[in-house]
Amino acid sequence: MNTKWAGLCFMALALPLAQANQVSPITKVLQLLSDMQTKIIAEGEAAHTIYVEFAEMCEERSKNLQFEIKTGKGEVAGLEAAIDEETAMAAALDTKVEELTGSIATDEGDLEAATKIRAKESTDFMAEEKELSEVIDALQRAIGILEREMAKHGASMMQIKNAGSLAKTLQLLVDAAALTSADAKGIAALVQTQQSNDDADMGAPDPAVYKGQSGGIIDTLGDLLEKAEGQLAELRNKETAALHEFEMLKQSLQDKIKYETKELDEAKTGIAASNEKKATAEGDLEVTTKNLNEDVTALSELHSECLSKAQDYEAETKSRGEELTAIATAKKVIAESTSGASGLSYGLSQVSLLQRSQSGGLKVVRFLRELAQKHHFPALAQLSMRMDAAIRTSDDPFAKVKGLIQDMIETLEKEAEADATEKAFCDKELAETNAKKDAKTSEIKKLSTKIDQMTSRTAQLKEEVAELEKGLSALAKTQAEMDKIRLEEKEEYAKAKEEMEAGIKGVQLALKVLRDYYAKSDKAHASDEGGGAGIIGLLEVVESDFSKGLIEMTSTEEAAQAAYEQETKENEI
């Protein structure tokens, strides 16, 4: 039975200690927050590495595009200059072609006009040459006829001598059929022409008396022949000179036309080449301009993309910093404001408080005290008082209670051994005196029995008195200790209440910080929504536990105060 009582004591005190071996939710929250900080920092470092690589790519790509743009602009400028040069060359050649075409047309016109003039001059020459040749021939024939007639001294000669003028002489010759009328007209014309020339030069006399005084008709005709031959020679010389001049002019014009035609062909070939070069340059310019525009667009897009990435990275870094700040703030608030509340709610402080509360150790004391009163067992009552004192005063009440119970068990075992020894001694004495007892009278037996009973009762009463005096002394000491412990418990309660309220406020502040941050929709990075939600949920449980603990603590303080007052009254009785 004694062992059963000890087991009941341990069972009654074992349950409050079980919570001390569990991990505190506050510790878990702090660990989760630290893990989130580590994770976010690692994500920030990874994002920084990626951004540095991207920034290097942007810089390298930008340099390449800027070089390509610079090269493209140089090529465009060169091609535009080439196009302008070829355009100017083509325009100059077009002008040259126009000038050459006009010059060739002029030269061809001049050649044609000169050819026509030459043809006309040749025709005139041939006509004049023929006419002069016919006149010379007529004169030669006329002179021959006159010379023959003069040699004959005939009647016709007399007529000729009596004619008196060249015109009449020629008419006589025509009449004599020596000359034709055409020959006569030609000679007359020659004479007229000669006279006109002479009039222009010297003012010669009238043709009617031409040569009338000069020595005769033959001399006159001879002069005319000589002049006609001179005119023919002069005409032929002029014709030769004119022909030569024409040939020179013709050759000059033909050479010029040939040269200008060659230059014209070369100019046209140059125009075609310039146009071809211009077309090639324009095609290259179009391609180069297109590539340049693409490079400019690519550079602009690259700049926009890199700027956007930089802004995103800056925003992500800022957002990640805000998350770290929120976590650090929550972590700091929790660490600074919940240590006392956490210890009271989840740590050994809670066990100590419960052990010293009405709902823990004092209930066990009360249970043992009621059990001692019910079975009239002073030793159990004494044990309950000792346990009460140990629970209220010891920092390790379980060790103290265990020692008290062990001491009680040892005492009970010793008493049992003493009872067994005493019974054996009594049995031996009883066997030795059985023979004597038969001789005694029943009155002596009754008296002896009564004396033994009274002696035993006296010893028992003395022992109970000693125990009660000892118990009263212990009770007085226990009451003093109870007073002291109650005061300490009230101070501890006030301190614990302050810590619990601070812990609740700290948890509520941490919840507000985390809720406000994770409720934002404009976060620039992929925040740990799941981890944040988990921590918020755990903090909500902690807040509930702290609030519940504060309520239970208050209830425990009220119950402890009531139990103290009741114990005090019972001890007074």
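Up top you'll find the structure we're talking about.
Let me sum up the structure you'll find in this document. (Residues numbered from 1 in each chain as written. Predicted model: local features only at pLDDT ≥ 70, side-chain atom pairs only at ≥ 80, totals over all residues. Heavy atoms only, no water.)

**Let's talk about the overall build of the protein**
- Each helix and strand counted, the protein has 13 helices and zero strands in total.
- Going from the N terminus to the C terminus, the protein shows its helices and strands as α-α-α-α-α-α-α-α-α-α-α-α-α.
- Counting the 573 residues in the protein, one finds 34% classified as buried.
- Considering only residue pairs separated by 6 or more positions, the protein has 83% of its internal contacts joining residues 24 or more positions apart.
- Total accessible area computed for the protein in this model is approximately 34700 Å², and 56% of it derives from carbon and sulfur atoms. (Helix = DSSP H or I, 4+ residues; strand = E, 2+ residues; numbered from the N terminus. Buried < 20%, exposed > 50% of the residue type's maximum accessible area, 1.4 Å probe, protein only. Contact = heavy atoms within 4.5 Å. Areas by Shrake-Rupley, 256 points an atom, 1.4 Å probe, with all protein chains shown as cover.)

**Section: the state of the cysteines**
- In this structure the tally under the stated criterion is one disulfide.
- There is a disulfide in this structure between Cys58 and Cys306, and the S-S distance comes to 1.9 Å. Taking the sign of the S-S torsion, about -100° here, the bridge from Cys58 to Cys306 comes out left-handed. Of the two residues, Cys58 is situated in helix α2 (residues 25-152) and Cys306 in helix α6 (residues 217-337); the sequence distance between them amounts to 248 residues.
- Owing to a relative accessible area of 8%, Cys58 belongs among the buried residues under this scheme.
- Residue Cys306 is classed as buried on the basis of its relative accessible area, which comes to 15%. (Disulfide = S-S within 2.5 Å.)

**Examining the side chain of Ser62**
- Mapping Ser62 onto the fold places it in helix α2.
- When residues no more than four places from it in sequence are discounted, the contact partners of Ser62 are Leu299 and Leu302.

**Quick look at the pattern of salt bridges**
- Across all of its chains, the model carries 14 salt bridges by this definition.
- For the salt bridge of Glu121 with Arg118, the shortest nitrogen-to-oxygen distance reads 3.3 Å. Pair noted here: Glu121 and Arg118 are both in helix α2, with a separation of three residues, about one helical turn.
- Classification of Arg118 by relative accessible area gives buried; the value is 6%.
- Each of the salt bridges in this network shares a partner with another, and the network as a whole consists of Arg118, Glu121 and Glu239. (Salt bridge = Lys/Arg side-chain N within 4 Å of Asp/Glu carboxyl O.)

**Digging into the packing of aromatic side chains**
- In the structure shown here, the tally under the stated rule is two aromatic pairs.
- With a centroid separation of 4.2 Å and an interplanar angle of 0°, the aromatic rings of Tyr51 and Tyr313 are classed as stacked. Of the two residues, Tyr51 is situated in helix α2 and Tyr313 in helix α6; the sequence distance between them amounts to 262 residues.
- Note on Tyr517 and Tyr518: the rings are 5.1 Å apart at their centroids and 80° apart in plane angle, and the pair reads as edge-to-face.
- On the basis of relative accessibility, which here comes to 4%, the residue Tyr517 falls in the buried class.
- Assessed through its relative accessible area of 11%, Tyr518 is described here as buried.
- Between Lys309 and the ring centre of Phe54, over which it is positioned, the NZ or CZ distance is 5.8 Å. (Phe/Tyr/Trp six-rings, centres within 6.5 Å; stacked < 30°, edge-to-face > 60°. Lys NZ or Arg CZ within 6 Å of the ring centre and 35° of its normal.)

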